[in-house]
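# Tertiary structure, described
Okay, here's what each chain looks like letter by letter:
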Amino acid sequence: MKCDLCQREAVTLIRYNGSHLCSEHFQRYVERRVKKEIRKQIDLSRGDRIGIAVSGGKDSMVMLKLLSDIFGPNNGIELHAITIDEGIAGYRPPSVDIVRDFCGSRGIAFHLRSFKELGVEMDTIAPLSGENSPCTCCGVFRRRLMNDEARRLDVKLLATGHNLDDMSQSIMMNFTRGDIERLARLGPHTRVQPGLIPRFLPLRTIPEREILLYAMVSGLRFWDGECPYSQEALRNQYRSIVDDLETRSPGAKFSILSSYDTLRPMLYREYSGAALHLCECGEPTVGGRCRSCELLEQMRGRIRGP
Ligand code: FES
Ligand code: ZN
Ligand code: ZN
């Protein structure tokens with residue numbers, strides 16, 4: 001099969017628009033859409049700093065590469081990659097090396113925070129997580145360290161690598177569960193709230209398979225190990241529902257996202273959320289203490305034992 005735009009061999013058929021693209025035209029196709037999405041979501045001026053949440057997996061590495069291509073060292077935007085080490089032997093260390101090496105080769109500042117600082121490495125707390133799944137604890141502590149580092153670095157925005165599949169799954173999941181408040185909070189964030197660094201999501205319109213292909217054809221190193229504690233039963237269920245919809249009607253994932261985008265201003269108006277204040281740890285919270293402080297106390301108690 002030949003590329004529709006040149007005579008080279010095509011590397012992919014984009015099912016939702018029927019186009020065959022060679023490696024080069026495919027890369028440009030992805031890059032164009034990411035740039036468009038960035039323009040839509042954010043407005044930067046010279047001297048601004050942005051944080052980039054990077055795990056070393058395909059999504060975050062593609063995001064890091066694209067942001068560093070777009071905001072190269074000469075246009076006055078400071079890029080700060082932030083990686084969280086959850087303390088999972090054999091899983092996190094190799095991916096940290098990939099991120100560190102890439103940042104070194106591009107002159108991007110690299111910041112590493114670790115669950116060890118909190119005294120709750122995943123290899124220790126996973127067997128103690130009880131009614132909370134290990135992933136829940138992991139997510140809460142990862143968000144805390146990520147927010148803390150982003151505040152410490154005083155970044156204007158924090159980029160995360162959510163792709164179209166993640167977005168359409170989250171939208172369907174929250175919609176089906178009737179969790180409209182959470183639905184309203186899915187990024188990108190347009191409001192600045194105390195203690196909360198607004199997220200932006202440069203890859204939110206790019207399907208996961210295109211991100212994987214982009215990483216491969218552009219020769220990007222990434223880590224594709226699987227977390228030994230991953231227990232995302234609900235998310236996996238929605239992954240197969242959304243994939244099934246996409247197979248039946250190509251373009252379904254885009255439609256889910258664009259319907260959400262149309263509803264978003266209304267959701268924001270209706271669910272502007274309770275006023276947030278800051279927990280003693282610096283995290284924003286609606287109650288007295290934040291969830292991460294509560295969970296931290298619980299986990300530390302379990303580590304100490306009765
Ligand atoms: Fe956190 Fe797997 S990376 S539970
Ligand atoms: Zn081509
Ligand atoms: Zn707290």
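Structural notes, computed from the coordinates. Everything numeric in this text was worked out from a predicted model, so none of it was measured.

Below, the discussion takes up helix H10 (residues 252-270). Over its 19 residues, H10 extends 26 Å from the first C-alpha to the last, a length consistent with the 27 Å expected when each residue adds 1.5 Å. Along its length, H10 reaches its greatest deviation from straightness, about 45°, at leucine 263, and the proline proline 265 lies no more than four positions downstream. Those residues of H10 lying buried are Ala252, Lys253, Ile256, Leu257, Tyr260, Arg264 and Leu267. Where H10 is buried, its residues meet helix H6 (164-177), helix H7 (180-185) and helix H9 (233-248).

On to the coordination of the zinc ion (ligand 3). Summarising the metal site, the zinc ion (ligand 3) is bound by the protein donors Cys279 (SG), Cys281 (SG), Cys290 (SG) and Cys293 (SG), whose distances to it range over 2.3 to 2.4 Å. With four donor atoms in place around the zinc ion (ligand 3) and angles of 102 to 115° between them, the coordination shape is tetrahedral. For cysteine 279, a relative accessible area of 5% corresponds to the buried category.

What follows covers the pattern of salt bridges. Evaluated as defined, the whole model comprises 31 salt bridges. The partner of lysine 58 in a salt bridge is glutamate 208, with the nearest N and O atoms 2.9 Å apart. Of this pair, lysine 58 sits in helix H2 (residues 58-70) while glutamate 208 sits in helix H8 (residues 208-217), and the two are 150 residues apart along the sequence. Its salt-bridge partner being glutamate 86, residue arginine 92 comes within 2.7 Å of it at the nearest N-O pair. Per residue, the accessibility class of arginine 92 equals that of glutamate 86, and both read buried. Residues joined by salt bridges that share partners form a network here, namely Arg113, Glu117, Asp148, Glu149, Arg151, Arg152 and Glu283.

For a metal with four tetrahedral donors the ideal donor-metal-donor angle is 109.5 degrees, while six octahedral donors give ideal angles of 90 or 180 degrees. The coordination sphere of the zinc ion (ligand 2) contains the protein donors Cys3 (SG), Cys6 (SG), Cys22 (SG) and His25 (ND1), at a distance range of 2.0 to 2.3 Å. Seen from the zinc ion (ligand 2), its four donor atoms lie at angles of 100 to 116°, and the figure they make is tetrahedral. Mapped onto the sequence, the residues coordinating the zinc ion (ligand 2) show the spacing C-x2-C-x15-C-x2-H. Of the two residues, cysteine 6 sits in the segment before strand S1 (10-14) while histidine 25 sits in helix H1 (residues 23-41), which places them 19 residues apart along the sequence. A residue is classified by how much of its surface remains accessible, and cysteine 6, at 16% relative accessible area, is buried. The exposure class assigned to histidine 25 is buried, which follows from its relative accessible area of 15%.

Of all eight residues in strand S4 (residues 78-85), six are buried, a share of seventy percent or more. Looking at chain direction, strand S3 (residues 49-53) and S4 are connected through five bridges and run parallel. Across the sheet, residue alanine 53 finds its bridge partner in S4, namely isoleucine 82. Direction of pairing for S4 relative to strand S5 (residues 109-114): parallel, over a ladder of six bridges. Bridge pairing in S5 places threonine 83 opposite leucine 112. Running through helix H3 (residues 92-106), the crossover from S4 to the neighbouring parallel element S5 is right-handed.

Below, the discussion takes up the sheet that holds S5. Reading across from one edge, S5-S4-S3-S6-S7 is the order of the five strands in this open sheet, with parallel pairing throughout. Of all strands in the sheet, those with a lone pairing partner are S5 and strand S7 (199-200), marking the two edges. Along the sheet, H3 contacts S4 and S5; its crossing angle with S5, the most-contacted strand, is approximately 160°.

Cut-off values and rules
Residues numbered from 1 in each chain as written. Chains lettered and ligands numbered in written order. Predicted model: local features only at pLDDT ≥ 70, side-chain atom pairs only at ≥ 80, totals over all residues. Heavy atoms only, no water. Helix = DSSP H or I, 4+ residues; strand = E, 2+ residues; numbered from the N terminus. Expected span 1.5 Å × (residues − 1). Bend = angle between axes of the 7 residues up to and from the residue. Buried < 20%, exposed > 50% of the residue type's maximum accessible area, 1.4 Å probe, protein only. Contact = heavy atoms within 4.5 Å. Donors = N, O, S within 2.8 Å, 3.2 Å for Na, K, Ca; no water. Tetrahedral: all angles 85-135°; square planar, octahedral: opposite > 155°, others 65-115°. Salt bridge = Lys/Arg side-chain N within 4 Å of Asp/Glu carboxyl O. Pairing = 2+ DSSP bridges. Right-handed = clockwise from strand over helix to strand, strands pointing away. Axes fitted to C-alpha atoms, helices over the stretch in contact; angles between N-to-C directions.

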